[in-house]
Amino acid sequence: MINSKTEIDRSALAKMVIQLLDHWNLPTEDQLTLLGLPPTNKSALNRYRQGEPIGVEVDQYARVGHLLTIHKSLRILFPNNKADLYGWIKSKNKTFENLTPVEIIKEFGFTGLLMVRSYLELKVGKI
C-alpha cells in the first residue's frame, strides 16, 4: 500500500521510466543497466511495471531523472518523427565514436548517462 506522497511520486516516476524504456524497445539487460541495476534483477522491472516505487537510492533516482531529461530533449529535437524520437538511443553516433548512446551508458555507467544528456542539451540549445 502506498502511504506517502513521496511513494506516490516515486511510483509515477517508475511508471514513466518503464514506459520510456518500452518505447525505446531495449532488451531487458539494457533497461536494467540504464537504471543502474544488475542485469540479473529482472524482477525489478516487473515490480516497477506494477507500480512499485523507484528505489530511494540517490544513484537510481538520479538515473531516472537523467533518462527522462534525455527523452525530453529528444522530444524537442524530433517533435514529428517518432522513429528518431524512440530510435535515437540505439543509433550509432559520430560524436560517440560511432557507438550508440546505450553503448556509451553501458561502457561509462553514470558518467555515460551524463555524457548523453549533456550532448542532447547542447543540441537543444542550438535550436
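Keep in mind that what you see is a predicted model, and the values were worked out from it rather than measured.

Draft legend 1. Spotlight on unusual backbone geometry. Located in the positive-phi region is Glu-97, a residue other than glycine, with phi close to 55°. With respect to the element layout, Glu-97 can be found in the loop between helix 5 (82-87) and helix 6 (101-108). Overall, the relative accessible area of 72% leaves Glu-97 in the exposed class. One non-glycine residue with positive phi stands out, namely Asn-98, at about 65°. Relative to the helices and strands, Asn-98 resides in the loop between helix 5 and helix 6.

Draft legend 2. Examining the packing of aromatic side chains more closely. This structure, assessed with the given rule, holds two aromatic pairs. Aromatic side chains Trp-88 and Tyr-119 sit 6.1 Å apart centroid to centroid with 10° between the ring planes, which places their arrangement in the stacked category. Placement of the pair is Trp-88 in the loop between helix 5 and helix 6 and Tyr-119 in helix 7 (residues 110-125), with a sequence separation of 31 residues. The burial state of Trp-88 is the same as that of Tyr-119; both residues are buried. By the ring-pair criterion, three or more aromatic residues cluster together here, those being Trp-88, Phe-96 and Tyr-119.

Draft legend 3. Spatial organisation of the nonpolar core. One finds Trp-24 and Leu-35 to be the most contacted residues of the largest nonpolar core, which totals 32 residues. Counting residues per element, the ones that place at least two in this core are helix 1 (5-24), helix 2 (28-34), helix 3 (42-49), helix 4 (58-77), helix 5, helix 6 and helix 7. Per element, the largest residue contribution to this core is seven residues, and it comes from helix 1. For Trp-24, the residues in contact, after removing those within four places along its chain, are Leu-34, Leu-67, Ile-70, Leu-74, Leu-85, Tyr-86, Ile-89 and Lys-90.

Draft legend 4. Focus on the side chain of Ser-11. Tracing the chain through its elements places Ser-11 in helix 1. At 2.9 Å, the side chain of Ser-11 forms a polar contact with the backbone oxygen of Gly-51.

Thresholds applied
- Residues numbered from 1 in each chain as written.
- Predicted model: local features only at pLDDT ≥ 70, side-chain atom pairs only at ≥ 80, totals over all residues.
- Heavy atoms only, no water.
- Helix = DSSP H or I, 4+ residues; strand = E, 2+ residues; numbered from the N terminus.
- Buried < 20%, exposed > 50% of the residue type's maximum accessible area, 1.4 Å probe, protein only.
- Phe/Tyr/Trp six-rings, centres within 6.5 Å; stacked < 30°, edge-to-face > 60°.
- Core = buried A, V, L, I, M, F, W, Y, C linked by side-chain atoms within 4.5 Å.
- Contact = heavy atoms within 4.5 Å.
- Polar contact = N/O pair within 3.5 Å; in protein donor to acceptor, adjacent residues only side chain to side chain.

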